[in-house]
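Here is how the chains run, residue by residue.
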Amino acid sequence: MTDLSRSHDVIGRTRPFWHVPLTIGTETIARALLFLTASVSALVIIEPAPYDLLIALLLVGWSFFGLELRKDILPLLILLCFYIVGGIMALPAAADTKEAVIFYAVTIFLAFSSFLYAATLSAKIERIEAIEKGYMLAALFATLLAVAGYFNAFPGAYDQFTLYGRAKGTFKDPNVYGPFLLLPTLLITYDILTKPLKENILKAGILLILLLGAFLSFSRAAWGMTLGGALMVFLLVFINERRSVPRLKLLGILGLAGIGLVVALLAILSIESISEMFTLRAKLVQDYDGARLGRFGRWGEGFTLVTERPFGLGVGGFNSIFPEDEHNAYLKAFTTYGWLGGLSYVTLVFWTLIKALPLVFKPRPWQKYIVCTYVAFLLHACVSFIIDSDHWRHYFLLLGILWAIIAAESGISRYRRFPPAQ
């Protein structure tokens, strides 16, 4: 029995406000479906994606697998509903009603996928292990194809798995593919920092592949998130480790990792095509960022504009006025979902970050997952200031995992305050 399984003994004694008993023999099926759903989460080059279909199946059928709704995840549900209602209220402002309906339908689907993860994982937190394995497989699969595409390893690979000379794997955009790799990268990093090396040889190899894939995406956001995320995970592991000898080991790993990173970077930049693209993409501010109506210039005018539009501009309303989309998820929340949706979205993101922050310092069987998911979500929330992340599937997965752990922690706290009578 794993530590996560033992933790369910306590969580299971806390009563949800809604419960559908688990059908006999379906827990294995439930975990298999979670694994399968996560394992196809990178296959989004076609739509509807297999991931979407499996999420729909889980949403319809999960009641047969032991649905439990706990009051601790109600803030997630309520704020997501307000977000959706804001979008519906903004629907009349859209220039193309059909396009807007499809857009908001995707939002509804993603919102409920987040709630699905929160509900199912808070009922049995050990189910997260199935998601971890599936996500890891998806990331490895997408990265192998991305690397093969970048180096044109087989006929048609370059055209299929790259975009503008940047690796994208099974995604439509390198800027989504790169951040998708962050969570599995952090999970492996955590294991390397906290477990014996002999247990992580295979994972270390997978980590190198994921790092190469993130680098070849030439996404500045992915580069910053990967490097910053690894350092943040290291710092949290170092803080939570109270013993001196393991701390010295951590410092040694940090030093070796730094040397390895420099050597690997020098080696890969010796390839001329990679060096040229790196030089082009490494600029912090591109021309399209700093122009008068560039990414940064549009933000100020955009926020000024939405102060006059309580119901927003509707889907496509912003780029009918400006040359491109918002490239700012928070601005887009107000332009596309109105004041109600914008405030709900901002509140949900920052409430999640504040609510989950203390949990990264508590010794729990799921500390690996709260640390890595929190860091990944925090960095996604940060890059959302410069990119439209509102329809990233894995972002809503991170949100659901955090709220599941928040609910699990609240259940343990209540159990300790009010233990059942013997």
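Preceding block: the structure.
Summary of the structure given here. Position numbers for residues count from 1 along each chain, tracking the sequence in the order it is written. In keeping with the predicted nature of the model, local features appear solely for residues at pLDDT of at least 70, side-chain atom pairs appear and are counted solely at 80 or more, and the whole-chain, interface and lining totals rest on all residues. Side-chain numbers come from the whole structure's heavy atoms, not from hydrogens or water.

The helix count covers DSSP runs of H or I at least four residues long, the strand count covers runs of E at least two residues long, and both are numbered beginning at the N terminus. Relative to the elements of secondary structure, aspartate 191 occurs in helix H9 (residues 182-194). Sequence separation between aspartate 191 and lysine 203 is 12 residues, and the spatial gap between their C-alpha atoms is 8.5 Å.

Turning next to empty space enclosed by the protein. The rule is simple: put a 1 Å grid over the protein atoms alone, call a set of points where a 1.4 Å probe fits but cannot get out a cavity, call an open set with protein on both sides within 12 Å along at least five of seven lines a pocket, and count a residue as lining if it has an atom within 4 Å of a point. Grid points are joined across faces, edges and corners, and a volume is the space filled by probe spheres set on the points. One pass over the structure, following the stated rule, counts 2 cavities of 30 Å³ or more. Estimates place the volume of the largest cavity at around 90 Å³. Looking at the largest cavity, the residues that line it are Leu80, Tyr83, Tyr345, Leu348, Val349, Phe377, Tyr395, Phe396 and Leu399. Those elements that provide at least two residues to the lining of the largest cavity are helix H4 (74-90), helix H16 (329-356) and helix H18 (393-417). Charged means Asp, Glu, Lys or Arg here, nonpolar means Ala, Val, Leu, Ile, Met, Phe, Trp, Tyr, Cys or Pro, and polar covers whatever is left, Gly included. Broken down by class, the residue content of the lining of the largest cavity amounts to 9 nonpolar, no polar and no charged. In this structure, the second largest cavity occupies an estimated 50 Å³ of space. Along its surface, the second largest cavity is lined by Ile128, Ile131, Glu132, Tyr135, Leu183, Leu187, Tyr369, Thr373 and Ile401. Going through the elements one at a time, helix H6 (128-150), H9 and helix H17 (367-383) are the ones with two or more residues in the lining of the second largest cavity. Among the elements that make up the lining of the second largest cavity, the one with the highest residue count is H6 (4 residues). Counted by class, the lining of the second largest cavity contains 7 nonpolar, 1 polar and 1 charged residues.

Our focus in this paragraph is the nonpolar core. By nonpolar core we mean a set of buried residues, namely Ala, Val, Leu, Ile, Met, Phe, Trp, Tyr and Cys, connected to one another through side-chain atoms within 4.5 Å. Accessible area is worked out with a 1.4 Å probe on protein chains only. A residue is then buried under 20% of its type maximum, exposed over 50%, and partly exposed in between. One finds Leu216 and Ile370 to be the most contacted residues of the largest nonpolar core, which totals 116 residues. At 13 residues, H18 tops the list of elements feeding residues into this core. Contact criterion: two residues are considered in contact whenever any of their non-hydrogen atoms come within 4.5 Å of each other. When near neighbours in sequence (up to four residues on either side) are disregarded, leucine 216 contacts Val147, Tyr150, Phe151, Arg166, Ala167, Ile268 and Ile274. With 6 residues, the next largest nonpolar core counts Trp299, Leu305, Leu313 and Phe318 among its residues.

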